[in-house]
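This is what each chain is made of:
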Amino acid sequence: MLASLQGKEVTIHFIDGTNVCDGVLDQIDDKFVKYLTQYQTLFIPITSIRTVSIDIKERQRLRVGFAP
C-alpha cells in the first residue's frame, strides 16, 4: 500500500499524535520508511506510523468580510 506513495509528497501522522509534513517518501521497506525533507532525512519505523496522507487538492479558504 505504501509503495504506491513512493516518490510523492505526504504527511505522516504518528501514534503519539505528532506528524511530519512537506517531505517525500523515498524508500519503503518492510520495517522502515525513508522520509526526506528539505532539512533532514528520517528513517521511520512502520510500527510508529498511524496514517499517511497526501494532499491532492488545495483547500478553499473561507472568505471573511462584510456585505454593504
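Residues numbered from 1 in each chain as written. Predicted model: local features only at pLDDT ≥ 70, side-chain atom pairs only at ≥ 80, totals over all residues. Heavy atoms only, no water.

The name an unreviewed UniProt entry assigns to the protein is DUF2642 domain-containing protein, from the organism Paenibacillus eucommiae.

Draft legend 1. Up close: the pattern of salt bridges. Taken as a whole, this structure holds one salt bridge when the rule is applied. Across the salt bridge formed by Lys 34 and Asp 26, the nearest N and O atoms sit 3.5 Å from each other. (Salt bridge = Lys/Arg side-chain N within 4 Å of Asp/Glu carboxyl O.)

Draft legend 2. Structural context of the sheet that holds strand E5 (residues 49–53). Taking strand neighbours across the sheet as the criterion, the five strands line up as E4-E3-E2-E1-E5 in an open arrangement whose pairing is antiparallel. Looking at the sheet topology across the chains shown, the edges are occupied by strand E4 (41–45) and E5. When the angles between neighbouring strand axes are averaged without regard to direction, this sheet yields 45°. As paired elements, strand E1 (residues 9–14) and strand E2 (residues 19–28) share four bridges and run antiparallel to each other. Residue pairing in the sheet places Val 10 in a bridge with Gly 23 of E2. (Pairing = 2+ DSSP bridges. Helix = DSSP H or I, 4+ residues; strand = E, 2+ residues; numbered from the N terminus. Axes fitted to C-alpha atoms, helices over the stretch in contact; angles between N-to-C directions.)

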